Amino acid sequence: MNMETLIEILLVEDNPRDAELTLRALKKRNLTNTVMWVKDGAEALEYILGENADAQRVNQHPKVILLDLKLPRVDGMEVLRRLKADERTKSIPVVVLTSSREEQDIVQTYGLGVNSYIVKPVDFDNFSEAVGQMGLYWLLLNQPPEPVSAAA
Amino acid sequence: MGDSQKAILNILDDSSAEKLRIEATQKAILNILDDASAEKVKIEATQKAILNILDDSGAEKLRIEATQKAILNILDDIGDERDKADHLNSEMAVEIAERKRVEQELETQQQELVNSNKELEAFSYSVSHDLRAPLRAIDGYGRILTEDYEGYLDQEGRRLLSVISSETQRMGQLVDDLLTFSRLGRQQLQSSDIDMTTLAQAVFQEWSALDAYRALQLELKPLPPARGDRALISVALGNLIANAIKFTRNRDPAVIEIGSRQENGLSVYYVKDNGVGFDMKYAHKLFGVFQRLHSTEEFEGTGVGLALVQRVIHRHGGRVWAEGKLDEGATFYFSLTDMKGEL
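Residues numbered from 1 in each chain as written. Chains lettered and ligands numbered in written order. Predicted model: local features only at pLDDT ≥ 70, side-chain atom pairs only at ≥ 80, totals over all residues. Heavy atoms only, no water.

### What to know about the UniProt feature "modified residue: 4-aspartylphosphate" (unreviewed entry) in chain A
Consideration 1: Per the UniProt record, "modified residue: 4-aspartylphosphate" (unreviewed entry) is annotated on D68 of chain A.
Consideration 2: Setting aside residues no more than four positions away along its own chain, D68 of chain A makes contact with V12, E13, D14, G76, L97, T98 and K120 of chain A. (UniProt positions renumbered as here; feature names shortened; annotations may be inferred. Contact = heavy atoms within 4.5 Å.)

Structure follows, in structure tokens:
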């Protein structure tokens, strides 16, 4: 991976089908050039906060993190908790993109400081529309926070 | 004077002395007799006293005997009472043990119910996540196929793919409905006073918005207030109204009447429509889960709506039933008991 390429979207999704559909929806809006896809919570944390992550990567945060909740190894809720608890990453917008409509999930994620919660529709048109709109919003319309530099 | 005279004088002296002696002796005897008689009187008096004492002690003895008898009776009664008390005690002990056993059983059952509920929660949660994902994939990939291989598909090919898509939608709807049904049955009731007239108005507005283009006519009579869980009653009313709107699709105007009447002191609410109605001989099937009286071609639906209504109404301790006639509309009635003090 080109270290110069700025990653704008970090997609945390364990289901390859859902990942493919999400990427396709983003592609329709020409937003896929800068998507990084990781398959579980541990990989996500490693990518953003990891000891092995190079300083540049830590410095240049994605504009938005798309986070599924049900993930193997480290689940979405834990990733959210860690990201929002860390001074370096807590201002990165996190959008939960999940099948769950359960109230407990919604309440808990907002309690942890999630920026948005989207329920993946079963209908593909609606799903495509939702992802597209979300992508346009966070990448183009929303003003991202200033990247926080890691402690030297 | 001679010796004879002296002798006579001596004899006279002696006899007078003798007389004195005899008189003295007589006196003494009389005194002794007097003493004896006084003594006799004293003895008599003492005898009388002794007899009196004997009499008194006799009476006393009788009194003591009577008291003894009374005490013995009391002791007997006490013995009887103690026996009775002992008997009652052992009966109560048995009852208490029985009651404890029943309490224990209830506690166990309650714990089982709590566990069962927790399992259902976990199950619903899992369903919520895990069933929807494959459905989304089926629908999504079908669409991708349609989009990316448009050139290779004729009309029939596109139709087949659209069937895949619509069936997937339907399953998604079923999953949602089942989850709602399950949750409604489990969640805690929160009771409050409900203005049924404004609620019915609001619910109708919500559901008719989707069919704004149609000639929908609402006849809302003033409804008596009810007491129950507002959110749940709202869902129940919503389903009844949505049904009325759906099954009057082919009517112009579609007339939906919401009113109430009193039955045995209870308020009975009803939602009446002039739609396609139903055959009363299938009335018992109306409220079953996934039970439908129409094909999906005629009218879409999963058959959960009325089951939901029934569940909500039953949780409020009420009744729900329907009357209908083929092609002449249907009326759905429900009552809610007064939940004061129960929630």
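The structure having been displayed, the exposition proceeds.
### Quick look at a negative patch on the surface
All names here are of chain B.
Consideration 1: Negative charge collects at one region of the surface, where D76, D77, D80, D83 and D86 lie side by side.
Consideration 2: Position of D80 among the secondary structure elements: in helix α1 (residues 3-130).
Consideration 3: Taking relative accessible area as the criterion, D80 reaches 46% and is therefore assigned partly exposed. (Patch = residues over 30% accessible without salt bridge, like charges linked within 9 Å, V, L, I, M, F, W, Y side chains within 5 Å. Areas by Shrake-Rupley, 256 points an atom, 1.4 Å probe, with all protein chains shown as cover. Salt bridge = Lys/Arg side-chain N within 4 Å of Asp/Glu carboxyl O. Lys, Arg positive; Asp, Glu negative; His and termini not counted. Charge placed at Lys NZ, Arg CZ, Asp CG, Glu CD. Helix = DSSP H or I, 4+ residues; strand = E, 2+ residues; numbered from the N terminus. Buried < 20%, exposed > 50% of the residue type's maximum accessible area, 1.4 Å probe, protein only.)

### Details of the packing of aromatic side chains
Consideration 1: On inspection of all chains with the given rule, the structure shows eight aromatic pairs over all chains.
Consideration 2: Seen from their ring centres, F278 of chain B and F332 of chain B are 6.3 Å apart, and the 45 degrees between their planes marks the pair as tilted. On the criterion of sequence distance, the pair formed by F278 of chain B in the loop between β5 (266-273) and α6 (305-315) and F332 of chain B in strand β7 (residues 330-335) is long-range, its members being 54 residues apart.
Consideration 3: Three or more aromatic residues link up through ring pairs in this structure, and these residues are Y270, W321 and Y333 of chain B.
Consideration 4: Here the guanidinium or amino end of R136 of chain B rests over the ring plane of F127 of chain A, the centre of that ring lying 5.8 Å away. (Phe/Tyr/Trp six-rings, centres within 6.5 Å; stacked < 30°, edge-to-face > 60°. Lys NZ or Arg CZ within 6 Å of the ring centre and 35° of its normal.)

### Remarks on helix α6 (residues 124-141) of chain A
Consideration 1: Taking 1.5 Å per residue as the helical rise, α6 of chain A with its 18 residues ought to reach 26 Å, and the 24 Å between its terminal C-alpha atoms agrees with that figure.
Consideration 2: Among all positions of α6 of chain A, only F124, F127, S128, V131, G132, M134, G135, W138 and L139 of chain A are buried. Buried residues of α6 of chain A, seen end-on, are gathered within an arc of 165 degrees and therefore sit on one face of the element. Counted as exposed and oriented over 90 degrees from the buried face of α6 of chain A: L140 and L141 of chain A.
Consideration 3: Along its buried surface, α6 of chain A packs onto β1 (9-12), α1 (16-28), β3 (64-67), β4 (94-98) and β5 (116-119) of chain A together with α2 (132-148) of chain B.
Consideration 4: Sitting at the head of α6 of chain A, D123 of chain A places a side-chain oxygen 3.1 Å from the backbone nitrogen of D125 of chain A. (Expected span 1.5 Å × (residues − 1). Arc of directions from axis to C-beta. Polar contact = N/O pair within 3.5 Å; in protein donor to acceptor, adjacent residues only side chain to side chain.)

### Quick notes on the UniProt feature "coiled-coil region" (unreviewed entry) in chain B
Consideration 1: With numbering matched to this structure, UniProt assigns "coiled-coil region" (unreviewed entry) to residues 85-119 of chain B.
Consideration 2: Structurally, residues 85-119 of chain B is divided into 100% helix and 0% strand, and its ends, taken at the C-alpha atoms, are 50 Å apart.

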